[in-house]
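# Structural characterization, general
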Amino acid sequence: MVAMPLPDESVLARRSEIAAALRRILPAAHVIDAAPALRAYESDGLAAYRQPPLVVALPETTEQVSQILAYANANGIKIVPRGAGTSLSGGALPLADGILLGMAKFNRVLEVDYANRCAVVQPGVTNLAITKAVEHKGFYYAPDPSSQIACTIGGNVAENSGGVHCLKYGLTTNNILGLEMVLVTGEIIRLGGKHLDSEGYDLLGLMTGSEGLLGVVTEVTVRILQKPETARALLVGFASNEDGGQCVADVIAAGIIPGGMEMMDRPAIHAAEDFARCGYPRDVEALLIIELDGPQVEVDHLIERVKAIAEKNNARTLKVSTSEAERLAFWAGRKSAFPAVGRISPDYICMDGTIPRKALPQVLRGMEELSQKHGLRVANVFHAGDGNLHPLILFDANEDNQFERAEAFGADILRLCVKVGGVLTGEHGVGIEKRDLMPEMFSEDDLAQQQRVKCAFDGQGLLNPGKVFPVLHRCAELGRVHVSNNNLPHPELPRF
């Protein structure tokens, strides 16, 4: 890794001033401005890009967040909100001249309301901790990203995260009921609540997936669900990716909505089996995990229907879980696919694009061609049911230009997703990773209109600037004056 250069003397002088002001709001230990300690915050999950922040603030109350934002807004200081830092798109990458607002101390479950089937939690609570807090009563929180043991619900809101069960139960946006948030001015507002719908404009929907550009979330009301009576999974292997992709399409076309439906290709299958020893077949090109849940009689019926569809699509192997332990074993490999791939390659980039299900075979063929073009391997794991792809591009950063080739490979995959009618991201967000690809999907007018929304919330452009938009516009003259996206990471930023 290549470290970013230190800020110049004028910025260093301002660091002391800003840190002193923050210590008037927070306990002294909750403000970090020493260079060695700042290194802990220099990157998120897109670790190829690194930049120590100017200063880190660690508030633990909504009032402290309000005071910090009001101070920053009054003094024109940029702010980057951060949860657990698991973002894979650079969404929490700091700025050399900005405050990193760490929300990890907001880590309490405030209330569980079983009667209304919801829980009120702080944004630093991890995704899995919500389920742990309610599972003794037979409830759970449905969205389950692979990083759920570490990622926070505040970050899930920022990126509209999904997971293996989002096909049936929805993404984060379908599972939150209300937010408390702080605007850049320091104003504290509430959107939604325990009720099922909100009056007026859908600002709750606008905030979900806004990547920290519109406000800072300080409380989340989430929907909790009762665990289904029965859940069983099928492990189905195919001789080709095309057969596996067609099986996915046929299951959905038959009106069957599995609790989860995931697909892995041969490199991912072998990596996962070597890592987790979960009984995956090694002599197949594609593997589907299809989970069905609900009343037992319904699940038993649907299993037979799915088995017939799989056999029609030339399934080479087919196994149905007969116990809860076996069902969890089927999922163990998929859930550990990312660290498993880390054992077969020094480095990898995890991409995130979404396509129409019918385009799955075409896109898989296209990725094989792109793999040959760029001379790099790719392992595929993805949420097949909703077309959310997670290609893992394998490379060695110590080899000349492999990182640059990996980035170019990833960009070509995302262009292919858009070409077949898909989108640039399914759950990882745009951040800096896909920022310069936004014109592949949106016109200049589209992007200008999106920035008008940003301007309505943050007229000075202080909240997480440099993310999402490839070109910044001055709010006062939007559409007429363009300014460069300065002081932010671009492809020339020192990386590997």
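Let me sum up the structure you'll find in this document.

Criteria and cut-off values
Residues numbered from 1 in each chain as written. Predicted model: local features only at pLDDT ≥ 70, side-chain atom pairs only at ≥ 80, totals over all residues. Heavy atoms only, no water. Salt bridge = Lys/Arg side-chain N within 4 Å of Asp/Glu carboxyl O. Helix = DSSP H or I, 4+ residues; strand = E, 2+ residues; numbered from the N terminus. Buried < 20%, exposed > 50% of the residue type's maximum accessible area, 1.4 Å probe, protein only. Disulfide = S-S within 2.5 Å. Pairing = 2+ DSSP bridges. Phe/Tyr/Trp six-rings, centres within 6.5 Å; stacked < 30°, edge-to-face > 60°. Lys NZ or Arg CZ within 6 Å of the ring centre and 35° of its normal. Contact = heavy atoms within 4.5 Å. Axes fitted to C-alpha atoms, helices over the stretch in contact; angles between N-to-C directions.

All right, on to the pattern of salt bridges then. Opposite charge on two side chains permits pairing when their charged atoms draw close. Within the structure shown, the criterion is met by 28 salt bridges. The closest approach of N and O atoms between Glu135 and Lys227, which form a salt bridge, is 3.9 Å. Placement of Glu135 in the loop between helix H4 (127-134) and strand E7 (139-140) and of Lys227 in the loop between strand E11 (225-226) and strand E12 (230-238) is noted, with a sequence separation of 92 residues between them. Judged by relative accessible area, Lys227 falls into the partly exposed class, the value being 42%. For Arg327, the salt bridge is made with Glu324, and the minimal N-O distance between the two is 2.6 Å. In this pair, Arg327 and Glu324 both sit in helix H11 (residues 324-335), three residues apart, roughly one turn of the helix. Judged by its relative accessible area of 11%, Arg327 falls in the buried class. Here Glu324 falls in the partly exposed class, since its relative accessible area comes to 44%. Within this structure, Lys373, Asp412, Arg415 and Glu440 form a network of salt bridges that share partners.

For the structure on display, the rule yields one disulfide. A sulfur-sulfur distance of 2.0 Å marks the disulfide that ties Cys455 to Cys475. Measuring the twist about the S-S bond at about -85°, one finds the Cys455-Cys475 disulfide to be left-handed. Here Cys475 lies in the loop between strand E20 (472-473) and strand E21 (482-483) and Cys455 lies in helix H15 (residues 444-457), a separation of 20 residues in the sequence. For Cys475, a relative accessible area of 29% puts it in the partly exposed group.

Here the focus is the pairing of strand E13 (residues 260-265). For E13, the buried fraction is high: six of the six residues fall into the buried class. Burial along E13 is two-sided: the residues Gly260, Glu262 and Met264 and Met261, Met263 and Asp265 are all buried. Sheet analysis places E13 next to strand E14 (residues 286-294), joined by six bridges and oriented antiparallel. Its bridge partner lying in E14, Met263 is registered against Leu288. As defined by bridge partners, E13 adjoins strand E18 (residues 378-383) across two bridges and the pair is classed as antiparallel. If you follow Met263 over to E18, its bridge partner there is Phe382.

We now examine the packing of aromatic side chains. Under the criterion given, the structure shown has three aromatic pairs. For the pair Tyr114 and Phe139, a centre-to-centre distance of 5.3 Å together with 50° between the ring planes defines the contact as tilted. Note that Tyr114 is positioned in the loop between strand E5 (109-113) and strand E6 (118-121) and Phe139 in strand E7, a separation of 25 residues in sequence. Pairing Tyr140 with Tyr169 gives two aromatic rings, centres 6.3 Å apart and planes at 85°, and the pair type is edge-to-face. Highlighted residues: Tyr140 in strand E7 and Tyr169 in helix H6 (residues 166-169), separated in sequence by 29 residues. Under the relative-accessibility criterion, Tyr140 is labelled buried at 13%. Sitting over the ring of Tyr114, Lys137 keeps its end group 6.0 Å from the ring centre.

For the rest of this paragraph, the subject is the sheet that holds strand E3 (residues 78-82). Overall, mixed pairing links the four strands, which are arranged E1-E2-E4-E3 in an open sheet. This sheet does not close on itself; its edge strands, each paired only once, are strand E1 (31-32) and E3. Bridge count between E3 and strand E4 (residues 98-102): five bridges; the pairing is parallel. Bridge assignment links Lys78 to a residue of E4, and that residue is Gly98. Contacts from helix H3 (residues 62-75) reach strand E2 (55-57), E3 and E4 within the one sheet, and its direction differs from that of E4 by about 170°.

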